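Understanding the architecture of this molecule
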Amino acid sequence: MLNLASLRTRWSSVLGAFVAVALGVAVTTATMLGLAAASDPPARPPARFASAPVVVLGQDTLTVPVRRGPATASVSARLAHPHPVDNELVRELRRLGRVRTDGAPRSAAGVGAVGVDAPAAAVRRLVGDRATVLTGDGRRRADPATARDAEALVAVDSLLGTAAGVAAFVSVFVTASTFAFVVALRRREFGLLRMAGATSGQVRRTVLAEAVVVGLAASALGCAVGGRGAPALVRALVDGGMAPPWFTLRGGAAWPYEVAFCTGVLVAVAGAWAAARRAGRTGPAEALREASVDTAVMPLSRRIAGGVLLAAGIGLSVWTLYTDPAALLKRKTYATQPMLLVTAVAALAPVLVRPVVRLLPPGLLPGAAGLLVRENASASVRRTAAVAAPVLVTVALAGSLLGSAATVTGAKATEARERTRAQFVVTGEDLGHRPTAVEAAAKTAGATVSGSAPTAVYVREEGTALVRSEARAVSDVAAFAAVTRPPVVAGDLRDLDDRSVVVNEEWERHEVGSWVSLWLGDGRPARLRIAAVLARGTGDNGAYVTTANAPGATVDRLDVRVAPGADGARAAAAVRDAAGGGTVRSASAWLAATRPHAGPQTRLGLLVVLGLALAHAAIALAATTLMATSARGTELRSLRLAGATRAQVLRALAGETAAGVGVGALLGAAVAATNLGLLAAALGRLSAPAAVHVPWGLLAGCAGVCLLVALTGTALACARRPDLARPAG
């Protein structure tokens, strides 16, 4: 009853934590409902062979045994060049019933899939292991959209999982910051309770009980809001191209609400735990305290915890840098790893406030008012740290997420540009059906042309995993070496032949001259010698084989290098005409059109995560500035009695608020700089371009929004309490 009465009288002090938890639970509920729909998608009827009871599909997967502990298991991967249903088998199937192709891809060897009007048992007996027989909903496997939909659902899982994790983290962060400041404001109240005979445990339980009440109420509201907002989230995913058009919520799942509700209560309790421990350490003497200067703001336990978190965050990043630098380039890593550093810096914020305030430009806070602002910000460490914390997490996440994504994308684009020596590139389908004519036309026009086709190779690494490596197949190795510039670190690209392969440093075995057992793009096993090794780079430096080891691959690109003095436009046109068509572009235009870039789906995902952080930061800033300003009535009236005008008091309050936001922005920028520096080091270790891209405009925008919200909160507090800026009568 005491806790409920306390919350009724001081509801405004926990309003920020309540809204933060409710928002976090709403996001968690919506994302969990989306994950439930993605993990159990509805059974969809086939499209291509909807009227055929049985579908015969050419072999399209490679299945190999791998070790799983003491036993073995089979793993499969989709072939780059699926086998068709050969013409002989199609003729045999026609004896069982009507056979239809319904637009399936054809080749000289056969057709990709056929529908058969015959009993499934009879079809299986006839086909045996020559192809795959599909019935019922399994017939969708023959639809071209099936693989794309599966990839889209994986992207949905990744986005929603990341969003839920960030929402939970920021909710804990904001709740902890709010409760910490509330406890600091209530230290005299807790001192009176201790003086009245309350034990440390009772004070701790009081704070935790308030957190539980806030968590229960906020979680209930969040579940209701999240359930209402989930359909809008799904529509946004579909409209943004991240989810298939048929993706929708499925009713009946209760576990998303249960998980979100329990998460909200745990977030509230976890956020208040440290504040409750500090409240329990309040002594009876605090009841007599009048000074506004914060003392003993960093107990030894918090210093140790902050130091351990900082060492763990940096140590983990450095360890990853030297053991698996490619992991630092992955979105899941640079989206979650900054959280450890943010938590560490926030824990150490009370000891960082004073030195960081000194780093603020002197011209920003000039004169006596500036001196007052700086000294107040340095003296009231808890208040400044409470304002800085939300800004810290927003700026750190914005810099780390968007900066890392732009840096990795820029490195990939630079790699692509450095890999080509061609002046022109011809692209299109089936450009290699007349290779002799193309080569003759190129020589006549004074150019060297190299055709290549997309393919893949598969290797079993350490006996436990089947790894697919994207590859390119080339016919004329000498011409290919003349028009390309791959990052070779060992061997010679010109040694590539029908019995060899070019790999990169990512492969388990990558010594020049060694032999590696692998499977080709059509699933055939092969044993090839390693002719050259490429730098690992950002992951786009794939393998190379000759066209003899890529049956079924179709040339889709011709790289043209014009000899000095030759007419480039004439050479490109001659190659295009000899190839039977295609799109001719300069190398720079081709790179601009095809270079790696962050797609709309990736940008949408990053903006969703950043929007969550910014929304939580706005909530925390508004609540903190309202509480902080409202609690300073005596101090501000003293300023008026000392001769300060109302305008001077308001400017001082705005200056202190701006100083807190500035401290948070500087600390957040330091965290982002650390992450981007580690990313640049990882790119360097991978022999990839390491130019760092900093989203200055976005960082300034996030800091500006935080400043606007904080100043608005301060102004609202002054408007609610006009006596704060009026001398006592």
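In this text, all values refer to a predicted model and were calculated from it rather than measured experimentally.

1. Quick notes on the overall build of the protein
- When helices and strands are counted, the protein shows 21 helices and 18 strands.
- When contacts within the protein are restricted to residue pairs at least 6 apart in sequence, long-range pairs at least 24 apart make up 81% of them.

2. Thoughts on the pattern of salt bridges
- As enumerated under the stated definition, the model contains 14 salt bridges in all.
- When the shortest N-O distance is used, the salt bridge between R536 and D324 registers 3.7 Å. Note that R536 is positioned in the loop between strand 15 (525–534) and strand 16 (543–546) and D324 in the loop between helix 9 (300–323) and helix 10 (331–347), a separation of 212 residues in sequence.
- The exposure class assigned to D324 is partly exposed, which follows from its relative accessible area of 30%.

3. Things to note about the sheet that holds strand 7 (residues 113–116)
- Reading across the sheet, the four strands line up as 5-7-1-8 and stay open at both edges, with antiparallel pairing between neighbours. Edge positions in the sheet fall to strand 5 (99–100) and strand 8 (132–135), since each has one partner strand and no second.
- The strands touched by helix 4 (residues 120–127) within the sheet are strand 1 (54–57), strand 7 and strand 8, with strand 8 carrying the most contacts at an inclination of about 170°.

4. Quick look at unusual backbone geometry
- Even without a glycine there, the phi angle at E462 is positive, about 55°.
- Turning to its location among the elements, E462 is positioned in the loop between strand 10 (447–461) and strand 11 (465–474).
- One non-glycine residue, S687, lies in the positive phi region at around 60°.
- Counting through the fold element by element, S687 comes out in the loop between helix 20 (646–685) and helix 21 (696–720).
- Residue class for S687 comes out partly exposed when judged on its relative accessible area of 47%.

5. Quick look at helix 4
- Buried within helix 4 are the following residues: A122, V123 and V127. All buried residues of helix 4 lie within an arc of 125° about the axis, which places them on one face of the element.
- Elements in contact with the buried residues of helix 4: strand 1, helix 3 (87–93), strand 7 and strand 8.
- Looking one or two residues past helix 4, G128 carries a phi angle of roughly 60°, positive in sign.

6. Some points on the packing of aromatic side chains
- Overall, the coordinates contain one aromatic pair when judged by the stated rule.
- Note on F480 and Y544: the rings are 5.1 Å apart at their centroids and 50° apart in plane angle, and the pair reads as tilted. Taken together, the residues F480 in helix 15 (residues 477–483) and Y544 in strand 16 connect sequence positions 64 residues apart.
- Judged by its relative accessible area of 3%, F480 falls in the buried class.

7. Comments concerning the side chain of N675
- Mapping N675 onto the fold places it in helix 20.
- Those residues in contact with N675 that sit more than four places away from it in its chain are P338, L341 and S400.

8. Remarks on a nonpolar patch on the surface
- A grouping of I314, V318 and Y322 is seen on the molecular surface, where their side chains present a nonpolar patch of about 280 Å² in accessible area.
- Turning to its location among the elements, V318 is positioned in helix 9.
- Overall, the relative accessible area of 33% leaves V318 in the partly exposed class.

9. Description of the state of the cysteines
- Throughout the structure, instances matching the rule amount to zero disulfides.
- The cysteine C706 is free of any disulfide, with C702 supplying the nearest cysteine sulfur at 6.7 Å.
- C706 gets classed as buried once you look at its relative accessible area, which sits at 2%.

10. Some points on the pairing of strand 11
- Strand direction decides the pairing type here: strand 10 and strand 11, joined by ten bridges, are antiparallel. Its bridge partner being in strand 11, R460 is matched across the sheet by L466.
- Counting the residues that bridge the hairpin from strand 10 to strand 11 gives three residues, and of these E462 lies at a positive phi of roughly 55°.
- Pairing of strand 11 with strand 16 involves four bridges; the strand directions are parallel.

11. Some details on the environment of L518
- Note that L518 resides in strand 14 (residues 515–519).
- Taking the C-alpha atoms as reference, L518 lies 9.8 Å from V467; in sequence the two are 51 residues apart.
- In this view, L518 contacts Y458, W507, R524, P525, A526 and L528; residues no more than four positions away in its chain are not counted.

12. Describing the packing of helix 10 against helix 13 (residues 381–418)
- The geometry of helix 10 relative to helix 13 is characterised by a closest axis approach of 10 Å and an angle of 150° between their N-to-C directions. Taken together, helix 10 and helix 13 sit at an angle that is classed as roughly antiparallel. The interaxial crossing formed by helix 10 with helix 13 has right-handed handedness. Of the residues in helix 13, those touching helix 10 at Y334, A335, P338, V342, V345 and A346 are L392, V393, A396, S400, L401, S404 and A405.
- Partitioning the contact of helix 10 with helix 13 into residue classes produces eleven nonpolar, two polar and no charged.

13. Let's talk about the nonpolar core
- Counting residues in each nonpolar core, the largest one holds 35 residues, and the members touching the most others are V170, F173, V342 and L392.
- Broken down by element, the residue count for this core peaks at ten residues, all from helix 13.
- In terms of nonpolar packing, the next biggest core, distinct from the first, is built from 23 residues, V99, V114, V127 and L134 among them.

14. Considerations on helix 10
- An ideal rise of 1.5 Å per residue puts 24 Å on 17 residues; helix 10 measures up with 26 Å between its terminal C-alpha atoms.
- The buried count for helix 10 comes to twelve of 17 residues, which makes it a mostly enclosed element.
- Taken together, the buried positions of helix 10 are occupied by T333, Y334, A335, Q337, P338, M339, L341, V342, A344, V345, A346 and A347.

15. Quick look at the confidence of the model for the protein
- Here the protein averages 79 in pLDDT, and 81% of its residues register 70 or above.
- For the protein, per-element mean pLDDT is lowest for helix 1 (residues 2–9), which scores 55, and highest for strand 15, which scores 94.

16. A look at the packing of helix 11 (residues 349–359) against helix 13
- Following both chains from N to C, one finds helix 11 and helix 13 inclined at 95°, their axes separated by 9 Å at the closest point. As judged from the angle between their axes, helix 11 and helix 13 are roughly perpendicular. Facing helix 11, whose interface residues are A349, P350, V353 and R354, helix 13 presents V381, T384 and A385.
- Here the contact of helix 11 with helix 13 is built from residues that sort into five nonpolar, one polar and one charged.

The rules behind each value
- Residues numbered from 1 in each chain as written.
- Predicted model: local features only at pLDDT ≥ 70, side-chain atom pairs only at ≥ 80, totals over all residues.
- Heavy atoms only, no water.
- Helix = DSSP H or I, 4+ residues; strand = E, 2+ residues; numbered from the N terminus.
- Contact = heavy atoms within 4.5 Å.
- Salt bridge = Lys/Arg side-chain N within 4 Å of Asp/Glu carboxyl O.
- Buried < 20%, exposed > 50% of the residue type's maximum accessible area, 1.4 Å probe, protein only.
- Pairing = 2+ DSSP bridges.
- Axes fitted to C-alpha atoms, helices over the stretch in contact; angles between N-to-C directions.
- Arc of directions from axis to C-beta.
- Phe/Tyr/Trp six-rings, centres within 6.5 Å; stacked < 30°, edge-to-face > 60°.
- Patch = residues over 30% accessible without salt bridge, like charges linked within 9 Å, V, L, I, M, F, W, Y side chains within 5 Å.
- Areas by Shrake-Rupley, 256 points an atom, 1.4 Å probe, with all protein chains shown as cover.
- Disulfide = S-S within 2.5 Å.
- Parallel < 35°, antiparallel > 145°, perpendicular 65-115°, else oblique.
- Left-handed = near helix turned anticlockwise from the far one by under 90°.
- Nonpolar A, V, L, I, M, F, W, Y, C, P; charged D, E, K, R; others polar.
- Core = buried A, V, L, I, M, F, W, Y, C linked by side-chain atoms within 4.5 Å.
- Expected span 1.5 Å × (residues − 1).
- pLDDT = per-residue confidence, 0-100.

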